[in-house]
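# Fold and geometry: a report
Listed here are the chains, written in short residue letters.
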Amino acid sequence: MSHQRWDAPVAVPRGASAHVCLARHLIISVPLVWGVLNAAPALAQTQDDLQSIRREMQQMRQQYDSALKKLEQDYNARLKRMEQRLDAAQKATAAAQAKANQAQKTAAAASTPQPPPPASSAPSAPPPDSTPAPAGGTPAPGGGTQTRASAFNPAIGVVLDGKFMAARRNPGSYSMPGFALGEEAKPPPRGFSLGESEINFQANVDQALFGNLTIALDRDNEVALEEAYIQSLGLPAGFTVRAGRFFSGIGYLNEQHAHTWDFADAPLVYRAFLGNQYGDDGVQVRWLAPTDFFLEFGGEVLRGAAFPAGGKDNHHLGVGAWSAFVHAGGDIDTSASYRVGLSYLQTKASQRETEGLAGDDVFSGTAHTFGLDAVFKWAPEGNFAERYLKLQAEIFAQRLTGTFNDARLPNNMALGFYIQGVYQFMPRWRFGLRYDQVRADSLGPDFTGTTLDNHGRTLRRYSAMVDFSTSEFGRFRTQYNFDQSRPQNDHQLIFQYTVSFGSHGGHQY
Amino acid sequence: MRFTTIGPAAIAAALALVVAGTSPAAALDVFACEPEWGALAQELGGSDVSVYTATTARQDPHQVQARPALIARMRRADLVVCTGAELEVGWLPILLRQASNAKVQAGAPGYFEATQQVPLMDKPQRLDRAQGDIHAAGNPHIQNDPRLVRAVAAALARRMQEVDPAHAAGYAQRARAFDDRMAQAIPRWQTTAASLRGTRAVTYHKGWVYLFTWLGISEVGTIEAKPGVPPSSAWLAQLLDDIPKRNAQSVIYAAYQDPKAANFVAQKAGIPAVMLPFTVGGTDEAKDLFSFYDDTIRRLLAGLKGVAR
């Protein structure tokens, strides 16, 4: 009989016309057809059936009502006790104060007629913490333990990510003219594949430390330690220290886990300069200025084991990278906020091997990466539940010094940026556009025909995506790329789901 | 925008500000997560506090961004006053971690959760995300029952005295004054709202359980299929079917919620849709914690007479 109710929603799109979209029509019309198809047998139901159902419903409602009443009575009783305690406390303090006032008066009267009592002490009224005194010792009524993920276990969160990719060119043979790429700097493989499945543990270690561990399982069943760090909690003067393995604080996207990105793949400039995302072992120090607007300075010293560093780390004794960054931001008004950043990363590589056009390429030297990033978010009256807009752009420049396949690199500077916008046009639905561009410097005849030969090309990519969230924890995305970053143009269509379950600590700005 | 502040000038400016920032602050710096606690802290703190409220009544408190401005404010706070019960779970832990302020970390005297001070309702029997955006500790929307706010006020005043003993007398005095006003106002509100007792309402979100318990209103349905889950057309159809059976007299939604769904249901069912402030600042009339309840009851009564909004 429930199918009969499908006739009502016909009017929904009209009622909600202001942001009706094709998707909603689809959602509504499919079940509608289904409902109509099923309505006929339902109509044949006898009157008896309906009556018995009505009776059952009546009973259920009564049961529900009485259960609710009982709950309410119980709750009201507890409230009453709480109020009585409050009233008692109030009376007690009033009495105490009256007594105090009386004492003061008599004291004043008894003493010689000198000017008022020492002005340095607190105003004559109640002695400090007089109000709470009677209730002060009693614990808070009933509230239970403080909000915590689960007793003393760390908060455990799981992220699952799956993709289907259709592409004209084989992602396995991906290359970007002018760039030696890190191992992971490729589009996802064709067909069905899993992205990284992550398991995250985090908890406060004690009053001074916070610990975080993220294990990533990739589609080839390989386990990687993505993040494993400890972090200080509340050092004085706004300092935070982090040690272990973590994603560097440079740029905007770099620090965020890939599953929170708004597109299914990394921007080209991240792919070319940072091997998708730069994380390494080391120490990070941040300092947050005590200002009303957000101003943060940070620096890192790292092992230098990950692309664009890498290779033999005995050359730099395990300290092969460092970075520095500044972030600033604030609210423009209630609706809009922004964050901007400036970063520098220096990474040393010693005989770093990357997949080349013919055998492995070997690079020894230093990569200097400069970055500038900006994010802007807007939501009507700052309410992100209905609609919001997120604009972001990052620009990076990278200079390589040293030798590439035994040839000394000339003075060079590669430049890349992306700009993207994502708009949530109704709850749970968003679309986004992204433009990517990267260009390597031309390095002269010595490098013609090598990986670093840019073929005189500027690499571009145009992306569009639509995603639907089942809730804060589940998301389905469709993305299209027109990719001109390969020697030949490519069309890519990516379907992706990302879910997270278990405990979930929220997202950074 | 302040794009020009980055760079060397910013470093110099920051250092100057640090020096300025280390001088003793005159007032207790209070960071309130929601407007009701901002208003309460102001009532209790008077001129001894400087209150920053992180969200407005027009924002869904479940969905707030961990904005840079909030991190900066949290860094300077002496006392953080939030709802708790996981209402702010999507953004508060990030702010606390990034602000790196020992005074206000969870468990420190400078960290205050209002829901810790009162008994909570709607504690879920089963913790499962399939039930929607539920809160393990219970329903966090306690600010709609002034009796609970009164209890929170007493606890908050104690906490303010603990964090700022130099002004303890002032907090005590204002706490007593606030409690007196509340003790007088609560029976008055109850008398005014007497005709609401026994009425039935459909709500948008399960955000009114405390208000309804206080005033004796029954919730007979919600527009959201599950907490935080927008309604499907099937759910709305079912709801519209049920409204006459359950004899609902109004549809109630909060100032921060999209009125479209509530108006649609109300119109279809032929009952008024009533927008309530939900917190201080939700309507022009709800200026402080007293006018907030005045306005809530006034709107409910107007709705009952069919004079919607």
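Residues numbered from 1 in each chain as written. Chains lettered and ligands numbered in written order. Predicted model: local features only at pLDDT ≥ 70, side-chain atom pairs only at ≥ 80, totals over all residues. Heavy atoms only, no water.

### Notes on the pattern of salt bridges
Enumeration according to the criterion identifies 33 salt bridges over all chains in this entry. In this structure, the salt-bridge partner of Asp467(A) is Arg430(A), at a minimum N-O distance of 2.9 Å. You can see Asp467(A) sitting in strand β17 (residues 459-471) and its partner Arg430(A) sitting in strand β16 (residues 429-439), a full 37 residues away along the chain. Each member of the pair, Asp467(A) together with Arg430(A), is buried. Across the salt bridge formed by Asp258(B) and Lys260(B), the nearest N and O atoms sit 3.5 Å from each other. Look at Lys260(B) and you get partly exposed, because its relative accessible area is 25%. Beyond isolated ion pairs, a larger network of salt bridges with shared partners links Asp262(A), Lys390(A), Arg430(A), Asp467(A), Arg475(A) and Arg477(A). (Salt bridge = Lys/Arg side-chain N within 4 Å of Asp/Glu carboxyl O. Helix = DSSP H or I, 4+ residues; strand = E, 2+ residues; numbered from the N terminus. Buried < 20%, exposed > 50% of the residue type's maximum accessible area, 1.4 Å probe, protein only.)

### Here's the deal with the sheet that holds strand β2 (residues 49-53) of chain B
Residues and elements named next belong to chain B. As summarised here, the arrangement of the 4 strands in space is β2-β1-β3-β4, forming an open sheet in which the pairing is parallel. Two strands in the sheet have a free side with no partner beyond their single neighbour: β2 and β4 (111-113). Between one strand and the next, the sheet's axes are offset by a mean angle of 20°, whatever the strand orientation. Pairing of strand β3 (residues 79-82) with β4, which is carried by 3 bridges, proceeds in the parallel orientation. Of the residues in β4, the one forming a bridge with Val-81 is Phe-112. Helix-sheet contacts for helix α2 (residues 35-45) involve β1 (28-32), β2 and β3, and the interaxial angle to β2 is about 175°. In the packing of helix α3 (residues 68-76) onto the sheet, contacts are made with β1, β2 and β3, and the angle to β1 comes to roughly 140°. (Pairing = 2+ DSSP bridges. Axes fitted to C-alpha atoms, helices over the stretch in contact; angles between N-to-C directions. Contact = heavy atoms within 4.5 Å.)

### Considerations on the state of the cysteines
All names here are of chain B. According to the stated counting rule, one finds 1 disulfide over all chains in the structure shown. Here Cys-33 is linked by a disulfide to Cys-82, with a sulfur-sulfur distance of 1.9 Å. In this structure the cystine formed by Cys-33 and Cys-82 twists about its S-S bond by roughly 50°; its chirality is therefore right-handed. Within this pair, whereas Cys-33 is found in the loop between β1 and α2, its partner Cys-82 is found in strand β3, the two being separated by 49 residues in sequence. For Cys-33, a relative accessible area of 0% puts it in the buried group. (Disulfide = S-S within 2.5 Å.)

### Section: the sheet that holds strand β6 (residues 218-222) of chain B
Residue and element names in this part refer to chain B. With respect to topology, 4 strands assemble into an open sheet ordered β6-β5-β7-β8, the strand pairing being parallel. Each having just a single partner strand, β6 and β8 (273-276) make up the two edges of the open sheet. Averaged over all adjacent pairs, the angle separating strand axes in this sheet is 35°, with direction ignored. The sheet contact formed by strand β7 (residues 250-254) and β8 spans 4 bridges and is parallel. What sits directly across from Ile-252, in β8, is Val-274. Its contacts with the sheet put helix α8 (residues 233-246) on β5 (200-203) and β6, and the angle it makes with β6 is roughly 155°. Along the sheet, helix α9 (residues 259-269) contacts β7 and β8; its crossing angle with β7, the most-contacted strand, is approximately 175°.

### Thoughts on the packing of aromatic side chains
Residue and element names in this part refer to chain B. Under the counting rule described, the total for this entry stands at 25 aromatic pairs over all chains. Here the aromatic rings of Trp-189 and Tyr-293 are separated by 4.9 Å at their centres, their planes lie at 55°, and the arrangement is tilted. One end of the pair, Trp-189, is in helix α6 (residues 168-192); the other, Tyr-293, is in helix α10 (residues 289-304), and 104 residues separate them in sequence. For the pair formed by Trp-189 and Tyr-293, the shared burial category is buried. Connected via pairs of aromatic rings, a cluster forms that spans Phe-178, Trp-189, Trp-214, Phe-290, Phe-292 and Tyr-293. It is Arg-181 that lies over the ring of Phe-290; its NZ or CZ is 3.9 Å from the centre. (Phe/Tyr/Trp six-rings, centres within 6.5 Å; stacked < 30°, edge-to-face > 60°. Lys NZ or Arg CZ within 6 Å of the ring centre and 35° of its normal.)

### Brief notes about the packing of α8(B) against α9(B)
Residue and element names in this part refer to chain B. It is the contact of α8 with α9, at a shortest axis distance of 10 Å, that shows an interaxial angle of 40°. Looking at the two axes, α8 sits oblique to α9. Crossing hand, α8 versus α9: right-handed. Across from Leu-236, Leu-239, Leu-240 and Ile-243 in α8, the residues of α9 making contact are Phe-264, Val-265, Lys-268 and Ala-269. Partitioned by chemical class, the residues of the contact of α8 with α9 number 7 nonpolar, no polar and 1 charged. (Parallel < 35°, antiparallel > 145°, perpendicular 65-115°, else oblique. Left-handed = near helix turned anticlockwise from the far one by under 90°. Nonpolar A, V, L, I, M, F, W, Y, C, P; charged D, E, K, R; others polar.)

### Description of helix α4 (residues 92-99) of chain B
Residues and elements named next belong to chain B. Among the 8 residues in α4, 6 count as buried, and that is most of the element. Within the span of α4, buried status applies to Leu-92, Ile-94, Leu-95, Leu-96, Arg-97 and Ala-99. At the exit of α4 stands Ser-100, carrying a positive phi of roughly 50°.

### Looking at the packing of α2(B) against helix α5 (residues 146-163) of chain B
All names here are of chain B. Direction vectors running N to C along α2 and α5 enclose 55°, while the axes themselves pass 10 Å from each other. Judged by the inter-axis angle, α2 sits oblique to α5. Of the two elements, α2 crosses α5, and the hand of that crossing is right-handed. Each of Trp-37, Leu-40, Ala-41, Leu-44 and Gly-45 in α2 lies in contact with α5, whose residues at this interface are Val-149, Val-152, Ala-153, Leu-156, Ala-157 and Met-160.

### As for the confidence of the model for chain B
Residues and elements named next belong to chain B. Overall, the prediction assigns chain B a mean pLDDT of 89, with 91% of residues at 70 or greater. When mean pLDDT is taken per element in chain B, β3 scores highest with 98 and helix α1 (residues 8-22) scores lowest with 49. Under a pLDDT of 50 for its full length, residues 1-7 has, in the predicted model, 8 contacts with residues more than four places off or in other chains. Across residues 17-24 the pLDDT falls below 50, and counting only partners more than four positions away or on other chains, this stretch makes 4 contacts in the model. (pLDDT = per-residue confidence, 0-100.)

### A short note on the environment of Tyr270(A)
All names here are of chain A. With respect to the helices, strands and loops of the structure, Tyr-270 is situated in helix α5 (residues 268-274). Separated by 125 residues in sequence, Tyr-270 and Ile-395 place their C-alpha atoms 9.9 Å apart. Beyond its immediate chain neighbours, meaning those up to four positions away, Tyr-270 contacts Gly-251, Tyr-252, Leu-253, Asn-254, Gly-275, Asn-276, Glu-394, Phe-396 and Tyr-418. A distance of 3.2 Å separates the side chain of Tyr-270 from the backbone nitrogen of Asn-254, its partner in a polar contact. (Polar contact = N/O pair within 3.5 Å; in protein donor to acceptor, adjacent residues only side chain to side chain.)

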